[in-house]
Amino acid sequence: MTGLLLLLRRLLVVPPVLLAASVLVFALPRWMAVDPARAVLRARTAEAVPDPATEARLRVELGLDRPVVEQYLRWLGGVLRGDLGYGYVSRTPVLEQVGSAAMVSGLLTVLALALAAAVGIPAGVYAARRPGGRWDRFLGAGTIVGVAVPEFVLAPWLVLVFGVWAGLLPAIGWGDPAHLVLPVLTLAAYPGALAAQLVRAETVGILQRPHVLLARSKGLSGQRVLWRHGARLATTSVTALAGMFVAGLLGGSVVVEVVFGIPGLGRLLHRAVPAQDLPVIQAGTLIVVAVAVTAGVLVEAIATALDPVRRTAERAG
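Residues numbered from 1 in each chain as written. Predicted model: local features only at pLDDT ≥ 70, side-chain atom pairs only at ≥ 80, totals over all residues. Heavy atoms only, no water.

In the nomenclature of an unreviewed UniProt entry, the chain corresponds to Nickel transport system permease protein NikB from the organism Pseudonocardia autotrophica. What UniProt states about the chain under its Sequence similarities (unreviewed entry) heading is, verbatim, "Belongs to the binding-protein-dependent transport system permease family." Per its UniProt entry, the chain bears the Subcellular location (unreviewed entry) comment "Cell membrane". (UniProt positions renumbered as here; feature names shortened; annotations may be inferred.)

This is the structure we're talking about:
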């Protein structure tokens, strides 16, 4: 089975997963016990008890008087056409709001992943060179802190140290490259530390495999064995987890975007929830699920293509 067929076979699971997610997202207001008609009127008039006649007319206008299945199909059809409706609060197209916010969150996610890979993978490989050595112990302590400290603790500390005390970087805001530094550092801390731990553990095991010991016995230099054999295979296992990192970064961006005042998807959803802006909540949730599922499948396919053992097992299956 070629790599393209492997990728297509994995992508086949995406549509049913997204369809199931759309059902859950559509049912979200009912689970939250939120009446869409009252949510609209509350956002427009700020009245706790809306006028019954106005509420009845709005129910008809929104199609809430129709069967639930018909409501879902109409909503799903709008999503597939790119028509996500209008926000209850801003009264602007949801697609524009969510699209621009998703671009900001996507940029933060890509930069954080790139930084985590650029630092975590080489650090893990280098530590595996001498298990128990000084660098290995230092890396072990540092990665424990990186994994254990959550974003809502790390972000305020970075703001205090680099933004307030040292004054080296802007504490909040968006629009300048300097505004990216602290948010990206916050988001990259956990995946970078976890990647270093995983790569270190994988590389130590790989360096004891027979084909690596044989390469050493033939006179291959230690550095070449380390980076050519150990790092390449160890990176494959970390690559398979990149999809999980993407989902985690999108979730963690809520805290980071609120703390640093970034107009991303996380802050948009954070404001939409207390305002009960249902179209924004549903569209934002659906985009996060779609990106996480698609990224997970693509990354899994890439990891399979890079790993000869997994590739052989897939072909046999």
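**Student:** An account of the overall build of the chain is needed here, citing residue identities and associated values.
**Tutor:** Within the chain, the secondary structure is distributed over 16 helices and 0 strands. Based on the C-alpha atoms only, the size of the chain along its principal axes is roughly 85 × 60 × 30 Å. When contacts within the chain are restricted to residue pairs at least 6 apart in sequence, long-range pairs at least 24 apart make up 70% of them. By element, 69% of the accessible surface of the chain is carried by carbon and sulfur atoms, the whole surface being about 16800 Å². Separation between the mean location of the 28 positive side-chain charges and that of the 18 negative ones in the chain comes to 16 Å. (Helix = DSSP H or I, 4+ residues; strand = E, 2+ residues; numbered from the N terminus. Contact = heavy atoms within 4.5 Å. Areas by Shrake-Rupley, 256 points an atom, 1.4 Å probe, with all protein chains shown as cover. Lys, Arg positive; Asp, Glu negative; His and termini not counted. Charge placed at Lys NZ, Arg CZ, Asp CG, Glu CD.)

**Student:** How would you summarise helix H10 (residues 178-206) if you had to cite specific residues and measurements?
**Tutor:** The terminal C-alpha atoms of H10, which comprises 29 residues, lie 40 Å apart, in line with the 42 Å expected from a rise of 1.5 Å per residue. The principal kink in H10, of about 40°, is found at alanine 188, preceding the proline proline 191 by one to four residues. (Expected span 1.5 Å × (residues − 1). Bend = angle between axes of the 7 residues up to and from the residue.)

**Student:** Describe the nonpolar core, and please don't skip the residues or the numbers.
**Tutor:** Of all hydrophobic cores here, the largest spans 17 residues; its most connected members are Leu108, Ala112, Leu182, Val184, Leu187, Phe260 and Ile262. Breaking this core down by element, the ones donating at least two residues are helix H7 (94-128), helix H9 (151-165), H10 and helix H13 (242-260). The element contributing the most residues to this core is H10, with 5 residues. Counting residues in hydrophobic clusters, the runner-up holds 14 residues, among them Val125, Leu226, Leu233 and Val238. (Core = buried A, V, L, I, M, F, W, Y, C linked by side-chain atoms within 4.5 Å. Buried < 20%, exposed > 50% of the residue type's maximum accessible area, 1.4 Å probe, protein only.)

**Student:** Please set out the packing of aromatic side chains residue by residue, giving values where relevant.
**Tutor:** Aromatic rings considered in pairs are described by the distance between their centres and by the relative angle of their planes. In the structure shown here, the tally under the stated rule is 5 aromatic pairs. Measuring from centroid to centroid gives 5.7 Å for phenylalanine 26 and tryptophan 75, while their planes differ by 45°, and the two rings are tilted. Of this pair, phenylalanine 26 sits in helix H2 (residues 14-26) while tryptophan 75 sits in helix H6 (residues 68-80); the two residues are 49 residues apart in sequence, bridging distant segments of the chain. Aromatic side chains tryptophan 135 and phenylalanine 138 sit 5.5 Å apart centroid to centroid with 35° between the ring planes, which places their arrangement in the tilted category. On the criterion of helical spacing, the pair formed by tryptophan 135 and phenylalanine 138 is a turn pair, its members being 3 residues apart in helix H8 (residues 134-148). Every member of this aromatic cluster is reached through a ring pair, and the members are Phe26, Tyr72 and Trp75. (Phe/Tyr/Trp six-rings, centres within 6.5 Å; stacked < 30°, edge-to-face > 60°.)

**Student:** A description of the packing of H7 against helix H14 (residues 265-275) should follow, citing residues and the corresponding values.
**Tutor:** Here H7 crosses H14 at 135°, and the two axes come no closer than 7 Å. Judged by the angle between their axes, H7 and H14 are oblique. In this structure, H7 uses Gln97, Val98, Ala101, Ala102 and Ser105 to contact H14, whose residues at the interface are Leu265, Gly266 and Leu268. Residues of the contact of H7 with H14, tallied by class, amount to 5 nonpolar, 3 polar and no charged. (Axes fitted to C-alpha atoms, helices over the stretch in contact; angles between N-to-C directions. Parallel < 35°, antiparallel > 145°, perpendicular 65-115°, else oblique. Nonpolar A, V, L, I, M, F, W, Y, C, P; charged D, E, K, R; others polar.)

**Student:** Give me the UniProt feature "transmembrane region" (unreviewed entry) in the chain: which residues, what numbers.
**Tutor:** Residues annotated by UniProt as "transmembrane region" (unreviewed entry) correspond here to residues 101-126, 138-168, 180-199, 238-260 and 280-306. Across residues 101-126, helical content stands at 100% and strand content at 0%; the span's end C-alpha atoms are separated by 38 Å. In residues 138-168, helix accounts for 84% and strand for 0%; the two terminal C-alpha atoms are 27 Å from one another.

**Student:** Can you explain the environment of arginine 66? Please cite residues and give values.
**Tutor:** Position of arginine 66 relative to the elements: it lies in the loop between helix H5 (52-62) and H6. For the pair formed by arginine 66 and valine 293, sequence separation is 227 residues and the distance between their alpha carbons is 32 Å. Not counting the four nearest positions on each side in its chain, arginine 66 is found in contact with Gln71 and Arg74.

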